[in-house]
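Chain by chain, the residues:
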Amino acid sequence: MTTARPGLDPELRTLLADMPSMPQLSTEVLALLRQLPSPPVESLLAHRQVDRREVTVPAGDGTPIPLSVFSPANTEPTTIAPAPCVYWMHGGGMVMGDRFSQLDIPLEWLDEFGAVVVSVDYRLAPEATGTTLVEDCYQGLRWVAEHSDELGVDPARIIVAGASAGGGLAAGVALLARDLGAPAIDTQILICPMLDHRNTSTSSRQYSSHEYSNLRHSDGPGVWTREMNEFGWRAVLGDHGGEGGTAEAVSPYVSPALADDLSGLPTAYIDTGSAEVFRDEDTEYATRIWAAGGQAELHVWAGGFHGFDALYPQAHISVTARRTRTDWLARNLSRNRSQSRSRNHTT
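Everything numeric here is computed off the predicted structure, so don't read it as measured data.

Student: Even after reading the chapter, I still don't get unusual backbone geometry, so can you show me in this structure?
Tutor: Excluding glycine, most residues fall at negative phi; most peptide bonds, likewise, are trans. In this chain, alanine 125 is followed by proline 126 through a cis amide linkage whose omega measures 5 degrees. As for its position among the elements, proline 126 is in the loop between strand S4 (116-120) and helix H5 (132-146). Backbone geometry at cysteine 192 places phi at a positive 40 degrees, although glycine is not the residue there. Mapped onto the elements, cysteine 192 comes out in the loop between strand S6 (187-191) and helix H8 (202-206). By relative accessible area, cysteine 192 is classed as buried at 6%. The phi angle at asparagine 199 is positive, at roughly 60 degrees, despite the residue not being glycine.

Pasting the structure below:
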């Protein structure tokens, strides 16, 4: 029996009608997808005054983890106020993508706030498994905090952010930094985050590809289905991934929805679509932050499918979602700047 589900935003439905259907993920399909060229990062930088620097940071096992650092050009850290830093984790279901994926999102914050953007190339599953991915991201964050003076970054205004798998990794990094006592994170921005390996929510079942076998792509679940989600989690967790996975064997730093305690976390911004797999786990995560006394702002965009604002940034709903996210960050950065000045005046 077909599960009733929220419909797509009409503009997004029209745009999706011209998009080829996404094949179901398998080992063979993943290998083909990884061979597709990524959009050149130079096209994102061409109209911006940006200094770019490439560094590598050793992971816990010594593997070099690439980081790309993007800073507003023509600024000297010694002569201007330290900038906020956006530490970016890309999406791709934990099995695809690189540090340039969805980079247009944090680069908007470089434009808007003069933020330094640092994007991490964490290792991907299935070659890397378990906590490796989130630990790679954490090591990159430590490097940013330890080199804040060199980067011209205010260590009190470090933002962890990511989309989809990157949003889940950002949530995991925030948990890990809280439990280890460092580095300090000011805010976390979780964009349609991949938070729960169990894959059993109502929204997960609503956006199963099995429900859409006889429908056009524009009538279906967008670009990420329940089955794709299960493939990604199994790549990371092996037999512990997917529906019915053994929670006791899975780290909450990998699957943040498993964390018993969500207190003491950085202020969070969480957004998702009403017509996507992650809707319910994202909503539940925000609810649990509130229940623990924390602060979170949640937006569920009516008719939005997974990653809609990254895939079609010019759609009306996408423009609104991205502007709302940026306005929230502006308010938080302004608040933090005022608090910092207040502390300086009292010391």
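Student: Help me understand the sheet that holds strand S1 (residues 50-58) in this model?
Tutor: Consider a sheet: its strands pair through backbone hydrogen bonds, and that pairing is either parallel or antiparallel. Strand order across the open sheet formed by eight strands is S1-S2-S4-S3-S5-S6-S7-S8, with mixed pairing between neighbours. Edge strands, defined here as strands with exactly one partner in the open sheet, are S1 and strand S8 (296-301). Neighbour-to-neighbour, the strand axes of the sheet open up by a mean angle of 15 degrees, direction not taken into account. In this fold H5 packs onto S1, strand S2 (64-72), strand S3 (83-89), S4 and strand S5 (153-163), with an angle of close to 165 degrees to the strand it touches most, S3. On the sheet, helix H7 (residues 165-180) packs against S3, S5 and S6 and is oriented at approximately 140 degrees with respect to S5.

Student: How should I be thinking about the environment of histidine 197 in this particular structure?
Tutor: With respect to the element layout, histidine 197 can be found in the loop between S6 and H8. Sequence separation of histidine 197 and proline 252 is 55 residues, and the distance between their C-alpha atoms is 9.9 Å.

Student: Where do I start with helix H9 (residues 226-237) in this structure?
Tutor: Given 3.6 residues to a turn, an α-helix orients residues that are three or four positions apart in the same direction. The end-to-end C-alpha distance of H9, which contains twelve residues, comes to 16 Å, matching closely the 16 Å that a straight helix rising 1.5 Å per residue would cover. Among the twelve residues that make up H9, ten are buried, leaving the element largely enclosed by the rest of the structure. Every buried residue of H9 is listed here: Arg226, Glu227, Met228, Asn229, Phe231, Gly232, Trp233, Ala235, Val236 and Leu237. Structurally, H9 contributes buried residues whose contacts are with helix H2 (27-35) and H8. A positive backbone phi angle near 65 degrees is found at glycine 238, which sits one or two residues after H9.

Student: For this particular structure, what's the right way to read the environment of serine 208?
Tutor: Residue position: serine 208 is located in the loop between H8 and H9. Residue serine 208 is classed as buried on the basis of its relative accessible area, which comes to 6%. Residues serine 208 and arginine 226, spaced 18 residues apart in sequence, show a C-alpha to C-alpha distance of 4.7 Å. Ignoring sequence-local partners within four residues, the contact set of serine 208 consists of Arg226 and Glu227. Within the local environment of serine 208, its side chain forms a polar contact with the side chain of glutamate 227, the two groups lying 2.6 Å apart.

Student: In this structure, what is going on with helix H4 (residues 104-113)? I would like to understand it.
Tutor: For H4, the set of buried residues is Ile105, Pro106, Leu107, Trp109 and Leu110. Downstream of H4 by a residue or two, glycine 114 has a phi angle that is positive, lying close to 70 degrees.

Student: What is the right way to read the pattern of salt bridges from this model?
Tutor: Pairs can form between side chains of opposite charge once their charged atoms are near each other. Tallied over the full model, the rule gives 22 salt bridges. For arginine 178, the salt bridge identified is with aspartate 179, shortest N-O distance 2.8 Å. The partner of arginine 331 in a salt bridge is glutamate 297, with the nearest N and O atoms 3.4 Å apart. Of this pair, arginine 331 sits in helix H12 (residues 316-346) while glutamate 297 sits in strand S8, and the two are 34 residues apart along the sequence. Using a relative accessible area of 25% as the deciding quantity, one classes glutamate 297 as partly exposed. It is possible to trace a salt-bridge network through shared partners that takes in Glu42, Arg52, Glu54, Arg99 and Asp121.

Reading the values: rules and limits
Residues numbered from 1 in each chain as written. Predicted model: local features only at pLDDT ≥ 70, side-chain atom pairs only at ≥ 80, totals over all residues. Heavy atoms only, no water. Helix = DSSP H or I, 4+ residues; strand = E, 2+ residues; numbered from the N terminus. Buried < 20%, exposed > 50% of the residue type's maximum accessible area, 1.4 Å probe, protein only. Pairing = 2+ DSSP bridges. Axes fitted to C-alpha atoms, helices over the stretch in contact; angles between N-to-C directions. Contact = heavy atoms within 4.5 Å. Expected span 1.5 Å × (residues − 1). Polar contact = N/O pair within 3.5 Å; in protein donor to acceptor, adjacent residues only side chain to side chain. Salt bridge = Lys/Arg side-chain N within 4 Å of Asp/Glu carboxyl O.

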